[in-house]
Amino acid sequence: MTEPIAESSAPSQTVLPAGTASGAVPGTGSGAGGVPAPGADPLDGGRHFEPDLRRMTRVNLRPIASPMPLGFYAVAIASVIVGCFQLGVFEDGARRAVGLVILPAFVLQLLVGILAFGARDVLAATLMTCFSGLWLASALTMVLAPPDGVRVLGVLNAVFALFALLMALVAGRKRAMWLVLCTAVPRFTVAALANLTGVEWLGLASGGLGLLLAAVALYTAFALMLEDMRGTEVLPIGRSGPAHHAVEGGLSVQLHDIERQAGVRRTL
């Protein structure tokens, strides 16, 4: 989903409101000779606050291409490699090779997360950056093989499954992301149990669920890419509410309440 980035909420130049005397200094609340102007706040150094700043404020927006297809493609590719390893497609000695192959997913999803933060999509940004950290930890554990690294990775998978569940509870209107999260919850839960217990069939089940997660992520990436290229929904991804209006609504819908969004409002 392509969304504009709010770059600045500060006025680009000083604007004198109508009726301001030439001897007054805008924004200081002082008239000629340093006398506080009417409406000045004595508790704030005599600064004058304009009742309506909309005439003096300009928000510059810069559209970007949607980074989400790249993010979901990275999830799909890394999940296929790990899933094949768990299913026994590769030999046991291929653990380091698998870690090196999934390491680029960390870089790609970190980039996607940064761009998603800039596009003011907190759900997508949080999901992608956490996926990025997960791939980095998994890759380093496979490559370096630290003592008890498999069990530590099991705890990480369990925490990530809980995180995915919490994300799924708030991502219901973004059906594509919600479906990926709902597939990720059992996949990482079973992976955690396999890492912690060492039971072989749990590892096989985790590998199968990993391939299922890859299929869902691959479909989502392809559908989002078609939507971005055509400018309308081609394959169903179940948008509703604000997620639907983000694609089908006009520009006025996109800019609704923009002054309350992160990067425009004064504090987070």
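Right above here is the structure, for reference.
Residue numbers run consecutively from 1 along every chain, following the written order of its sequence. This being a predicted model, a pLDDT of at least 70 is required before a residue's local features are given, and a value of 80 or more before pairs of side-chain atoms are given or counted; all residues contribute to the totals for chains, interfaces and linings. Remark: hydrogens and water are excluded; side-chain values derive from all non-hydrogen atoms of the structure.

Before going further, it helps to examine the overall build of the protein chain. For the protein chain, the count of helices and strands is 8 helices and 4 strands. Whether a residue is buried, partly exposed or exposed follows from its accessible area with a 1.4 Å probe, protein chains only, as a fraction of its type maximum: under 20%, in between, or over 50%, in that order. In the protein chain, which comprises 268 residues, the share counted as buried stands at 37%. Long-range pairs, those at least 24 residues apart, make up 64% of the contacts in the protein chain between residues at least 6 apart in sequence. Here the open area of atoms and residues is found with the Shrake-Rupley method and a 1.4 Å probe, where only the protein chains shown may cover a residue. Summed over its atoms, the accessible surface of the protein chain is roughly 14900 Å², and 66% of this surface lies on carbon and sulfur atoms. Starting at the N terminus, helices and strands are each numbered in turn, a helix being any DSSP run of H or I of at least four residues and a strand any DSSP run of E of at least two. Whether two residues are in contact is decided by their heavy atoms, any of which lying within 4.5 Å being enough.

Before going further, it helps to examine unusual backbone geometry. Even without being glycine, Ala 145 reaches a positive phi, approximately 50°. Relative to the assigned elements, Ala 145 resides in the loop between helix H3 (122–144) and helix H4 (149–170). Positioned with a positive phi, Asp 148 is a non-glycine residue whose angle comes to about 60°. Here Asp 148 lies in the loop between H3 and H4. Residue classification places Asp 148 among the partly exposed positions, given a relative accessible area of 49%.

Each aromatic pair joins two rings of Phe, Tyr and Trp (for Trp, the six-membered one) with centres within 6.5 Å, and gets the label stacked for planes under 30 degrees apart, edge-to-face for over 60, and tilted for any other angle. This model, assessed by the stated rule, comprises 5 aromatic pairs. Where Phe 131 meets Trp 135, the ring centres are 6.0 Å apart and the plane angle is 20°; that geometry is what we call stacked. Residue Phe 131 and its partner Trp 135 are both found in helix H3; the two are separated by 4 residues, about one turn of the helix. Taking the relative accessible area as the measure of exposure, Phe 131 reaches 1% and is therefore buried. For Trp 135, a relative accessible area of 2% corresponds to the buried category. Geometrically, the ring pair formed by Phe 160 and Phe 163 is tilted, given 5.4 Å between the ring centres and 50° between the ring planes. With Phe 160 and Phe 163 both in helix H4 and 3 residues apart, this pair spans about one turn of that helix. Relative accessible area serves as the criterion here: at 7%, Phe 160 is assigned to the buried category. What makes Phe 163 buried here is its relative accessible area of 18%.

What follows is about the side chain of Ser 138. Note that Ser 138 resides in helix H3. Ignoring anything within four residues of it in the chain, the contact list for Ser 138 reads Ile 102 and Leu 153.

Such coordinate-based values are descriptive only and should not be taken to indicate function.
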